[in-house]
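Structural overview for review
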Amino acid sequence: LDEKIWLTLSFGIIMIFMLITGYQTFALSMGPPSNKEIIDPQKVDQTAPFNQPGMKKIGENEYEVVMTLQAFGFAPSKIEVPVGATVHFVLTSKDVVHGFQIAGTNANAMVMPGHIQRITQTFDTRGSFLVLCNEYCGGGHQFMSTTITVL
Ligand code: CUA
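Not measured: the values here are computed from a predicted model.

Before going further, it helps to spend a moment on the domain arrangement of the protein. Examined at the domain level, the protein breaks down into domain 1 (1-31) and domain 2 (41-150). Its C-alpha centre places domain 1 at a distance of 35 Å from the equivalent point of domain 2.

With numbering aligned to this structure, UniProt lists the feature "transmembrane region" (unreviewed entry) at residues 5-26. Between the end C-alpha atoms of residues 5-26 the distance is 31 Å, and the span holds 100% helix and 0% strand.

Let's shift gears to the sheet that holds strand 7 (residues 108-111). Taken in spatial order, the five strands line up as 4-10-9-6-7 in an open sheet, and their pairing is mixed. Each edge of the open sheet carries a strand with a single partner, namely strand 4 (78-81) and strand 7. Neighbour-to-neighbour, the strand axes of this sheet turn through a mean angle of 20°, independent of strand direction. Taken together, the two bridges between strand 6 (residues 98-102) and strand 9 (residues 127-132) define a ladder with antiparallel strand orientation. Residue pairing for strand 9: Ile-102 is matched across the bridge by Val-131.

With that out of the way, let us pick up the environment of Gln-142. Mapped onto the secondary structure, Gln-142 falls in the loop between strand 9 and strand 10 (145-150). Taking the C-beta count within 10 Å as the criterion, Gln-142 has 10 such neighbours and is therefore assigned exposed.

What follows deals with unusual backbone geometry. Cis rather than trans, the peptide bond between Ala-48 and Pro-49 has omega equal to 0°. Here the bond from Ala-75 into Pro-76 is cis, since omega is 0°, no more than 30 degrees from zero. Topologically, Pro-76 is positioned in the loop between strand 3 (73-75) and strand 4. Phi at Asn-61 takes a positive value of approximately 55°, unusual for a residue other than glycine. Residue position: Asn-61 is located in the loop between strand 1 (54-59) and strand 2 (62-70). Residue class for Asn-61 comes out partly exposed when judged on the 14 C-beta atoms lying within 10 Å of it. Of note, the phi angle at Phe-72 is positive, near 85°, even though the residue is not glycine. Assignment of secondary structure puts Phe-72 in the loop between strand 2 and strand 3. Residue Phe-72 is classed as partly exposed on the basis of its C-beta count, with 15 C-beta atoms lying within 10 Å.

Analysis parameters
- Residues numbered from 1 in each chain as written.
- Predicted model: local features only at pLDDT ≥ 70, side-chain atom pairs only at ≥ 80, totals over all residues.
- Domains from an automatic or database assignment.
- UniProt positions renumbered as here; feature names shortened; annotations may be inferred.
- Helix = DSSP H or I, 4+ residues; strand = E, 2+ residues; numbered from the N terminus.
- Pairing = 2+ DSSP bridges.
- Axes fitted to C-alpha atoms, helices over the stretch in contact; angles between N-to-C directions.
- Buried ≥ 20, exposed ≤ 12 C-beta atoms within 10 Å, placed from the backbone.

If you want it as structure tokens, here you go:
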């Protein structure tokens, strides 16, 4: 009888985990970068919008930053926005899996080669925000950082 109880409990716990994962994936849309936005990681430089990385104004204090990540760095490497700006980041990797974390905010995303990752952050306080790669990506990992300056 004991064995049956433990088996039932273990199975129940697994089912609960699977339900939570399913809920996060489908109801909350959490998960890896969308499979609908696939690009050729060998041809990032020729693929729009990544053929022109950089920042552009798309609304009242609203900006879009198209950024590529690769070992050793982020391009563009220097970003300056006015205080209160909402920034829509459009990210991809040119080589391996990288991370995109803006220290001191909730912005944290995985950036995979062949996928487009989108993340939005509003900067309500002035200052310098450290951007880090938080996925171990090889020999240049410790050099992968940049800053976002909020003026
Ligand atoms: Cu890129 Cu670690």
